[in-house]
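# Residue-level structure breakdown
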Amino acid sequence: MSNLAQKITQRYRELACVPFLSDARIGKNGATLSAVWSERNLERGKFVKFSKTYLLNSELRKYLDFSPCDVTSEKLVSISPSETYRAIVRASDEKDGAKQFFEIWSDERLLHTTDVSELELHDEIYTEATLGALEWSPDETKLIYIAEKKEPKSEPFYKKKTTNSDPSKDANVTKGEQYLYRQSWGEQYTTRKESVIVQYDRACDSFSILDGIPDDIFPIQVSWSPDGTCITGVGLRTNPRKLGLIYCNNRPAAVFTLNFDKQYEELSMKSRAVRNPLFTPDGKTIVWFEQDEIAHSSCLALVKKSVLDKSASIQTVVPIVNKEMKINGDRLFYGLYNVMIPKRCWASGNRLILSTQQKNTINTYCINIDSGAITELPYSDGSRIVLDVFNDTVVFNHRNFFVSDKLAIATLPKLGSECTLESTDVTDGLRMDYMENFTYNYLDLAHNTEEVANSFTAIYIGPKSGKDGEYPLIAWPHGGPHSAYSNCLFLELSLLNSLGFAVLLINFRGSIGAGEDSIKFLLGKVGKADVQDCVEAVKAVLTRYPWLDASRVSLMGGSHGGFLVTHLSGQYPSMFRAVVARNPVIDIAAMSITSDIPDWAYVETGRLYTQVGQPNVEDLLEMRKASPIQHAHRVTAPTLLQIGKNDKRVDPSQGIEYYHRLKANGNIVRMNLYDDNHPIASIHNEVDNIINSILWVMEHTEMKYN
């Protein structure tokens, strides 16, 4: 290993130890606060979680905390309403065969353990936040969760039987179906094929599958009604096919209720993508979030429906926001996107507390379900994310590019006065040691056009000053394309800043958090409007900060960000010195038949996705015209490709084809092929990916690091 690589690796190790806050919960007496933190453990090769408890005085100030406790094996945790019981789905060590255990704890001891593999009732319990659930009934006698349905047993047409075989067991075995294709939900969900709702009865110590769900519905996100007479959940529609689910919120689904007489009822309208159904605390109303089924992530409406009046119509609480709207305090609000909702999210007065992307930050809001009034709970130093709400006490995660996550707490003011909320930090957060000469600035940028969406944003994170042309710049558009950067500390950015790089994060048109018009504007314009925004952002930041070196601008990006950086290096070959692309979309036409989300290829190029009838050649031509492969022969910047060979979202053949095409045209190109999926996020692969990416840029921009 070179001396430079050793220095960067050591810096990576230091930053990898910075924990981030993932969850928190206020004790029922209001005097305790427990939080779950996560960090990378390079020696164990995984993210580890630890729990830490804080004691609070009557003014919600910390006066004592306890040593952290490793809770990495706890994949799902649910505390009963009275806090008497704690349910856990625990993963065993990999050396034990990656088993799952279902546990019930009381205040004093472990009451129950079940090895899930020995149940013979279902397969793996879902522990992903978007799919799984672990919920106590209001009377604390039962729990529900989501699990993979047990696949029917099958064996070859011919299998020699032993003389002492049991004929009764053969009756439940089908012949010749062990290779039968069963659809999954794609990238990172390849084992998620058919879900069931499972109920555990604590009194009887028994597990059972709840019946009544239609065969073409895949239930997820289940919870109890406040009176315990039924459950609600989201039912994904599986006809005509399953499409990739992770990062995609546009899958057709229904909000349903299911009672214990097997009566299934859908509450939402057809042809909508829905999520996160919630009963109001009084049990009279269900609220949920919905969007259309076009872009994979777009602006959400918050709606409600009475459960007492079967004839009641669905009412809109928060509409889909096209550009912006005024809310309480004359603040601007750009709509709801990828909402972050804690398990306990209700304050008094039917007030829902949630967090959502708003241009360059994640903000927290109080929404009055009865009146529709929206109030921002303001925070001026980065992003604010709600973690827990109990008896009008609210716990937050405060995030910033230069400071590690901070745990904060506040008492929510009375109805109508929420904007006066003042919080207290429970933890201080670790300040990055390089930040004295660094700053971040939000850039509001616009094109001089009459287009429906002509504005976008970018974030500069780099030196406050310097000599002319002193610092190199990395332009980094996000993936998606319908996602966004927000003001939050993350490892790759911190590492680049600590090495002396200025970074430009680009929220081009199509990003969430800036109105629905901006999202839909990009459809049919990928490879054009988003590329144009990146170019304008780079030009703007080079003009604004003269200490940036225009001759040493590099590109980094993954997925759609990889699509953009390969477009940029082909369309503007003299503008960029080096490129790093992770699992980039290179040929949309090819992606339309190799990806787990083929609809993405059609929608983003302005076409209608259907598998009915004869394929439309014009669709494929438009996809090819919008692809970076069209410009590959013009690339001059040395290019590093970071490819996950198990990627179901962007097939590895995309990067491999680009590698061969660049090489054939005489370009400097290197490709690393990882045993990983789309994010390349397993710890050992991440280390190699990040450090190789930085070394590549440093080499080809002649960047020095002392």
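Per chain, residues are indexed from 1 in the order of the written sequence. Reporting in this predicted model follows two pLDDT cut-offs: at least 70 for local features of residues, and 80 or more for side-chain atom pairs to be given and counted; totals over whole chains, interfaces and linings ignore these cut-offs and use all residues. Working from all heavy atoms in the structure, the side-chain values ignore hydrogens and water.

Under the annotation held in an unreviewed UniProt entry, the protein carries the name acylaminoacyl-peptidase and is attributed to Photinus pyralis. Per UniProt, the protein carries the Subcellular location (unreviewed entry) text "Cytoplasm". UniProt positions are given in the numbering used here, feature names are shortened, and annotations may be inferred rather than shown by experiment.

Comment: elements are numbered from the N terminus, with helices defined as DSSP H or I runs of at least four residues and strands as E runs of at least two. Each helix and strand counted, the protein has 11 helices and 42 strands in total. The C-alpha atoms of the protein give a radius of gyration of 26 Å, which matches the 27 Å a tight globule of 706 residues would have. Along the longest, intermediate and shortest principal axes, the C-alpha atoms of the protein span 75 × 75 × 55 Å. Each residue is placed in one exposure class: buried if its accessible area under a 1.4 Å probe, protein chains only, is under 20% of its type's maximum, exposed if it is over 50%, and partly exposed if it falls in between. Taken over 706 residues, the protein has a buried fraction of 55%. Radius of gyration: C-alpha atoms only; globule rule: 2.2 Å multiplied by the number of residues to the exponent 0.38.

To estimate the expected span of a helix, count its residues, drop one, and scale the result by 1.5 Å. Look at helix H6 (residues 560-571): 16 Å from first C-alpha to last across 12 residues, which is about the 16 Å you get at 1.5 Å a residue. Along H6, 11 of the 12 residues are buried, which leaves the element largely enclosed by surrounding structure. Residues of H6 that are buried include every one of His 560, Gly 561, Gly 562, Phe 563, Leu 564, Val 565, Thr 566, His 567, Leu 568, Ser 569 and Gly 570, and no others.

It is worth spelling out the sheet that holds strand S30 (residues 374-376) at this point. Any two strands between which DSSP finds at least two bridges are classified as paired. Spatially, S27-S28-S29-S30 is the arrangement adopted by the 4 strands of the open sheet, whose pairing is antiparallel. Of all strands in the sheet, those bounded by a partner on one side alone are strand S27 (346-347) and S30. Where strand S29 (residues 361-368) meets S30, 3 bridges bridge the pair, whose relative direction is antiparallel. Bridging from a neighbouring strand, Tyr 365 pairs with Glu 376 of S30.

A few words on the side chain of Arg 344. Residue position: Arg 344 is located in the loop between strand S26 (331-333) and S27. Whenever a nitrogen or oxygen atom comes within 3.5 Å of another N or O atom, the pair is scored as a polar contact, on the condition that within protein one atom can donate a hydrogen and the other can accept it, and that pairs from neighbouring residues in sequence are kept only if both atoms are in side chains. A distance of 2.8 Å separates the side chain of Arg 344 from the side chain of Asp 388, its partner in a polar contact. With near-sequence residues (within four places) excluded, Arg 344 lies in contact with Arg 25, Ile 26, Glu 83, Asp 388, Val 389 and Phe 390. Working rule for contacts: check all heavy atoms of both residues, and any pair within 4.5 Å makes them a contact.

To continue, consider the pattern of salt bridges. Put simply, a salt bridge is a Lys or Arg side-chain nitrogen that is within 4 Å of an Asp or Glu carboxyl oxygen. All told, the structure shown has 42 salt bridges when counted by the stated rule. A salt bridge links Lys 99 to Asp 115; the shortest N-O distance between them is 3.3 Å. In this pair, Lys 99 sits in the loop between strand S7 (86-91) and strand S8 (100-105) while Asp 115 sits in strand S9 (residues 110-115), placing the two residues 16 residues apart along the sequence. With relative accessibility at 11%, the residue Asp 115 sits in the buried group. A salt bridge links Arg 509 to Asp 533; its shortest N-O distance comes to 2.9 Å. Linking Arg 509 in the loop between strand S38 (502-507) and helix H4 (516-522) with Asp 533 in helix H5 (residues 529-544), this pair joins segments that are 24 residues apart in sequence. Each of the two residues, Arg 509 as well as Asp 533, counts as buried.

What follows concerns the nonpolar core. Here, nonpolar core means buried Ala, Val, Leu, Ile, Met, Phe, Trp, Tyr and Cys residues that are tied together by side-chain atoms lying within 4.5 Å of each other. Residues Leu 473, Leu 504, Val 538, Val 541, Leu 548 and Ile 588 are the most contacted members of the largest nonpolar core, which totals 60 residues. By residue number, the principal contributor to this core is H5, which donates 8 residues. Ignoring anything within four residues of it in the chain, the contact list for Ile 588 reads Val 526, Phe 563, Trp 600, Ala 601, Thr 605, Met 623, Ala 626 and Ser 627. Judged by nonpolar contacts, the second largest core, of 40 residues, contains Tyr 12, Trp 476, Leu 505 and Leu 640.

Taken domain by domain, the protein comprises domain 1 (73-158 + 175-305) and domain 2 (438-587 + 627-701). Averaged C-alpha coordinates put domain 1 and domain 2 at centres separated by 37 Å. As a working definition, buried area equals the accessible area (1.4 Å probe) given up by two parts on being put together, with both sides summed. The largest contributions to the domain 1 side of the interface with domain 2 come from Glu 187, His 296 and Ser 297, which together make up 42% of the buried area. Applying the counting criterion to the domain 1 and domain 2 interface returns 1 salt bridge. Here Lys 520 ties to Asp 292 by a salt bridge, and the two come within 3.1 Å at their closest N and O atoms. Linking domain 1 with domain 2 are 6 residue pairs in polar contact (both at pLDDT 80 or more), by the criterion used here. Where each domain begins and ends is defined by an automated method or by a domain database.

A separate point is the pairing of S9. As paired elements, S8 and S9 share 5 bridges and run antiparallel to each other. Bridged to Phe 101 within S9 is Asp 115. In sequence, S8 turns back onto S9 through a hairpin of 4 residues.

Mapped onto this numbering, the UniProt entry annotates "domain: Peptidase S9 prolyl oligopeptidase catalytic" (unreviewed entry) at residues 491-697. Annotated as 45% helix and 16% strand, the span residues 491-697 places its first and last C-alpha atoms 17 Å apart.

In this section: the side chain of Ser 195. Note on placement: Ser 195 falls in strand S15 (residues 195-201). A polar atom in the side chain of Ser 195 sits 2.9 Å from the backbone oxygen of Pro 219.

The next subject is a nonpolar patch on the surface. Patches draw on residues past 30% relative accessible area with no salt bridge. Two like charges within 9 Å are joined, as are two nonpolar side chains (Val, Leu, Ile, Met, Phe, Trp, Tyr) within 5 Å. Per-residue and other accessible areas follow the Shrake-Rupley method at a 1.4 Å probe size, with only the shown protein chains counted as cover for residues. Taken together, the side chains of Tyr 63, Leu 64 and Phe 66 define a hydrophobic patch exposed on the protein surface, amounting to about 310 Å² of accessible area. You can see Leu 64 is positioned in strand S4 (residues 62-65).

In the contact formed by helix H1 (residues 3-16) and helix H11 (residues 683-701), the axes pass within 10 Å of each other and the chain directions differ by 130 degrees. In this view, H1 runs oblique relative to H11, as classed from their interaxial angle. Both H1 and H11 take part in a crossing whose hand is right-handed. Counting all contacts with H1, which are made through Leu 4, Ala 5, Ile 8, Thr 9 and Tyr 12, the residues of H11 involved are Glu 686, Val 687, Ile 690, Ile 691, Ile 694, Leu 695 and Met 698. Of the residues in the contact of H1 with H11, the class split is 10 nonpolar, 1 polar and 1 charged. Whenever a helix is involved, its axis is fitted only over the stretch in contact; in every case the axis is a line through C-alpha atoms, and angles between N-to-C directions fall within 0 to 180 degrees. When an angle is under 35 degrees it counts as roughly parallel; over 145 it counts as roughly antiparallel; between 65 and 115 it counts as roughly perpendicular; any other value is oblique. Take the far helix as your reference; a near helix turned counterclockwise from it by less than a right angle gives a left-handed crossing, and one turned clockwise gives a right-handed crossing. Each residue receives one of three labels: charged for Asp, Glu, Lys and Arg, nonpolar for Ala, Val, Leu, Ile, Met, Phe, Trp, Tyr, Cys and Pro, and polar for the others, Gly being one of them.

What follows is about the packing of aromatic side chains. By convention, a stacked pair of Phe, Tyr or Trp rings (six-membered ring in the case of Trp) has centres within 6.5 Å and planes under 30 degrees apart, an edge-to-face pair has planes over 60 apart, and any other such pair is tilted. What the rule picks out here adds up to 22 aromatic pairs. Ring geometry for Phe 333 against Tyr 365: centres 5.0 Å apart, planes inclined by 75 degrees, an arrangement best described as edge-to-face. Separated by 32 residues along the polypeptide, Phe 333 in strand S26 and Tyr 365 in strand S29 bring together distant segments of the chain. What makes Phe 333 buried here is its relative accessible area of 0%. Ring plane angle 70 degrees and centroid distance 5.6 Å describe the contact between Phe 401 and Tyr 440, whose orientation is recorded as edge-to-face. You can see Phe 401 sitting in the loop between strand S32 (393-400) and strand S33 (403-411) and its partner Tyr 440 sitting in strand S35 (residues 438-446), a full 39 residues away along the chain. Counting every residue linked through ring pairs, the aromatic cluster contains Phe 401, Phe 402, Tyr 434, Phe 438, Tyr 440 and Tyr 442. Two limits define a charge over a ring: the Lys NZ or Arg CZ must be within 6 Å of the ring centre, and within 35 degrees of the ring normal. Between Arg 202 and the ring centre of Tyr 85, over which it is positioned, the NZ or CZ distance is 4.2 Å.

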